[in-house]
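# Summary of structural features
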Amino acid sequence: MFHRSRSPEPTVVLVHGAFADSTSWNDVARELRREGHPVVAVANPLRGLSGDAAYVREVLAGIEGPVVLVGHSYGGSVITAAAVGADNVRALVYVAAFIPDKGESALDLAARFPGGSLGEALRPTPVTLPDGSPGMEFTIDQAKFPHQFAADVPEGGAS
């Protein structure tokens, strides 16, 4: 995947968080493009921080010119790790995102502050990863989904 920008503007690379996909950036990408910014909305694989960051770093390597890397939620952890060694990244932008220090995880940060409810809303399911090793898939308990993931969406719109 090679993205060539003929614009003097940096390419804005949008990275979604957990429980979402790249279409969650559609409105933002449309507005940025309308303003003349080249945009790539990455399909974050959501398979673990190191693999997700490596994937985003590969996307970055295919972009000619400067990049502004934007992450939402867990995507903040991903862009923090993906930017390491990516010479074309000029800025990191965190949108309601986790900004972990070295050794911290998004789950650590979510549990650190009073009032957080992510941990109690998650439902783990054991899975086998592509390499054959055991892994864990997390979903949000459906009864807790509207409050946890879409509290700003009108009632009934987040079920």
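Relevant structure appears above.
What you are looking at is a predicted structure, and each value in this text was computed from that prediction instead of being measured.

## Some remarks on the sheet that holds strand 2 (residues 11-15)
- Read from one edge of the open sheet, 4 strands run 3-2-5-6, paired in parallel fashion. Pairing within the sheet leaves two strands with one partner each, and these edge strands are strand 3 (39-42) and strand 6 (89-97). Across the sheet, the mean angle separating the axes of adjacent strands is 20° when strand polarity is ignored.
- Pairing of strand 2 with strand 5 (residues 67-73), which is carried by 5 bridges, proceeds in the parallel orientation. Bridge pairing in strand 5 links Val-15 to Gly-71.
- In this fold helix 1 (residues 26-34) packs onto strand 2 and strand 3, with an angle of close to 175° to the strand it touches most, strand 2.
- Those strands touched by helix 3 (residues 74-82) are strand 2, strand 5 and strand 6, and its axis lies near 145° from that of strand 5.

## Re the pattern of salt bridges
- All told, the structure shown has 5 salt bridges when counted by the stated rule.
- A salt bridge links Glu-104 to Arg-112, with the shortest nitrogen-to-oxygen separation between them at 2.4 Å.
- Residue classification places Arg-112 among the partly exposed positions, given a relative accessible area of 45%.
- Note that Arg-123 is salt-bridged to Asp-141, the shortest N-O span being 3.2 Å. Of the two residues, Arg-123 sits in strand 7 (residues 122-128) while Asp-141 sits in the loop between strand 8 (134-140) and helix 6 (145-149), which places them 18 residues apart along the sequence.

## Examining the packing of helix 2 (residues 49-61) against helix 3
- Running from N to C, helix 2 and helix 3 point in directions that differ by 65°, and their axes come no closer than 8 Å. Crossing geometry of helix 2 relative to helix 3 is assigned as right-handed. Contacts from Leu-49, Asp-52, Ala-53, Val-56, Arg-57 and Leu-60 in helix 2 reach Tyr-74, Ser-77, Val-78, Ala-81 and Ala-82 in helix 3.
- Taken together, the residues of the contact of helix 2 with helix 3 sort by class into 8 nonpolar, 1 polar and 2 charged.

Rules behind the numbers
- Residues numbered from 1 in each chain as written.
- Predicted model: local features only at pLDDT ≥ 70, side-chain atom pairs only at ≥ 80, totals over all residues.
- Heavy atoms only, no water.
- Pairing = 2+ DSSP bridges.
- Helix = DSSP H or I, 4+ residues; strand = E, 2+ residues; numbered from the N terminus.
- Axes fitted to C-alpha atoms, helices over the stretch in contact; angles between N-to-C directions.
- Contact = heavy atoms within 4.5 Å.
- Salt bridge = Lys/Arg side-chain N within 4 Å of Asp/Glu carboxyl O.
- Buried < 20%, exposed > 50% of the residue type's maximum accessible area, 1.4 Å probe, protein only.
- Left-handed = near helix turned anticlockwise from the far one by under 90°.
- Nonpolar A, V, L, I, M, F, W, Y, C, P; charged D, E, K, R; others polar.

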